[in-house]
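What the coordinates show
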Amino acid sequence: MFYFVQTPFLLKKLYPECIWEMTSSEKTLYFTFDDGPHPEVTQFVLDELKKYNALATFFCIGDNVKKHFTVYKKIIENGHQPGNHTFNHLNGWKVKDALYFENIALAADIIDSKLFRPPYGRITKFQLKALKGTRFNLTTIMWSVLSGDFDEKLSGENCYLNVINNAKPGSIIVFHDSLKAFTTLRYALPRILEYFSLKGYQFKSIIL
């Protein structure tokens, strides 16, 4: 499985409409979690974040929110920010625009947020422009560091190294609160939080 751990500069230039990292003069990191909520995995994430007074942003799949609404409520109650990740985890390159927008709108009915992350990071220029318009008024959040926790061939240790070797102040980092990523996440997340906490970092939600 090929993917960039650190987002290439050229990609950021090609899609300047997206937010790839946050401006920060302080030691601040922005952890994001995609594909939840999940009863066991999301609760684990919430518990680990709480140990470090860490805030994060959860890009939720609408269907999962519908299935596990009490878990979604816990995300909000713990002070974290939700984000829209479509209702059925649709790939914007592979579906018709009308279906894509309908799916995002369906998720927006249950997820109260102006933040959007396209599943797989795949979205067209036309879709980006439409989402920024008055109908949706969504800001598309990408990332600067991909932990790789979704990669079942990647060890927890290498996931940990992906993050600590590439994150810097203002980095937006992608994790997944999904069952598929749980084995890797369970190893890496506590160690990443400890590592950066000892270096004086704080962890914030994305608030625009």
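Here the structure is a predicted model, which is why all the values come from computation and not from measurement.

1. So, the overall build of the protein
Helix and strand counts for the protein come out as 8 helices and 8 strands. What you see for the protein is a C-alpha radius of gyration of 16 Å, in line with the 17 Å of a compact globule of 208 residues. With respect to the principal axes defined by its C-alpha atoms, the protein has extents near 45 × 40 × 35 Å. Here the analysis covers contacts within the protein between residues at least 6 apart in sequence; of these, 79% occur between residues at least 24 apart. As presented, the protein carries roughly 10,300 Å² of accessible surface, and 54% of it is formed by carbon and sulfur atoms. A gap of 4 Å separates the mean positions of the 25 positive and 20 negative side-chain charges of the protein.

2. A few points about the environment of Ile75
Structurally, Ile75 is set in helix α4 (residues 69-77). Residues Ile75 and Val45 lie 30 residues apart in sequence; the distance between their C-alpha atoms is 9.8 Å. When residues no more than four places from it in sequence are discounted, the contact partners of Ile75 are Pro37, Thr42, Leu46, Phe58, Cys60 and His80.

3. Quick notes on the packing of aromatic side chains
Applying the stated criterion across every chain, the model contains 15 aromatic pairs. For the ring pair Tyr100 and Phe101, a centre distance of 6.4 Å and an interplane angle of 50 degrees mean the geometry is tilted. Phe101 shares its class with Tyr100; the two are buried. Look at Tyr100 and Phe116: their rings are 6.4 Å apart centre to centre, the planes differ by 85 degrees, and that puts the pair in the edge-to-face class. With a gap of 16 residues between them, Tyr100 in helix α5 (residues 97-108) and Phe116 in strand β4 (residues 115-116) connect regions that are remote in the sequence. Looking at Tyr100, the relative accessible area reads 0%, which means it is buried. The class of Phe116 is buried, set by a relative accessible area of 0%. Each residue in the set Phe31, Phe33, Phe58, Phe175 and Phe203 is aromatic and connected to the rest through ring pairs, giving one cluster. Cation over ring: Lys125 sits above Tyr15, and NZ or CZ is 5.0 Å from the ring centre.

4. Quick look at helix α7 (residues 156-164)
When α7 is considered as a whole, its buried residues turn out to be Gly156, Cys159, Tyr160, Asn162, Val163 and Ile164. In this structure, the buried side of α7 is in contact with β6 (145-146), β7 (172-176) and α8 (182-198).

5. Structural notes on the nonpolar core
Across soluble globular proteins, you tend to see nonpolar side chains buried next to one another. One finds Phe31, Phe33, Phe58, Phe175, Leu189 and Phe196 to be the most contacted residues of the largest nonpolar core, which totals 64 residues. For this core, the element with the highest residue contribution is α8, accounting for 7 residues. Residue contacts for Phe196: discarding those within four places in its chain leaves Leu29, Val163, Ile164, Ala167, Tyr201 and Phe203.

Conventions and cut-offs
- Residues numbered from 1 in each chain as written.
- Predicted model: local features only at pLDDT ≥ 70, side-chain atom pairs only at ≥ 80, totals over all residues.
- Heavy atoms only, no water.
- Helix = DSSP H or I, 4+ residues; strand = E, 2+ residues; numbered from the N terminus.
- Rg over C-alpha atoms; globule rule 2.2 N^0.38 Å.
- Contact = heavy atoms within 4.5 Å.
- Areas by Shrake-Rupley, 256 points an atom, 1.4 Å probe, with all protein chains shown as cover.
- Lys, Arg positive; Asp, Glu negative; His and termini not counted.
- Charge placed at Lys NZ, Arg CZ, Asp CG, Glu CD.
- Phe/Tyr/Trp six-rings, centres within 6.5 Å; stacked < 30°, edge-to-face > 60°.
- Buried < 20%, exposed > 50% of the residue type's maximum accessible area, 1.4 Å probe, protein only.
- Lys NZ or Arg CZ within 6 Å of the ring centre and 35° of its normal.
- Core = buried A, V, L, I, M, F, W, Y, C linked by side-chain atoms within 4.5 Å.

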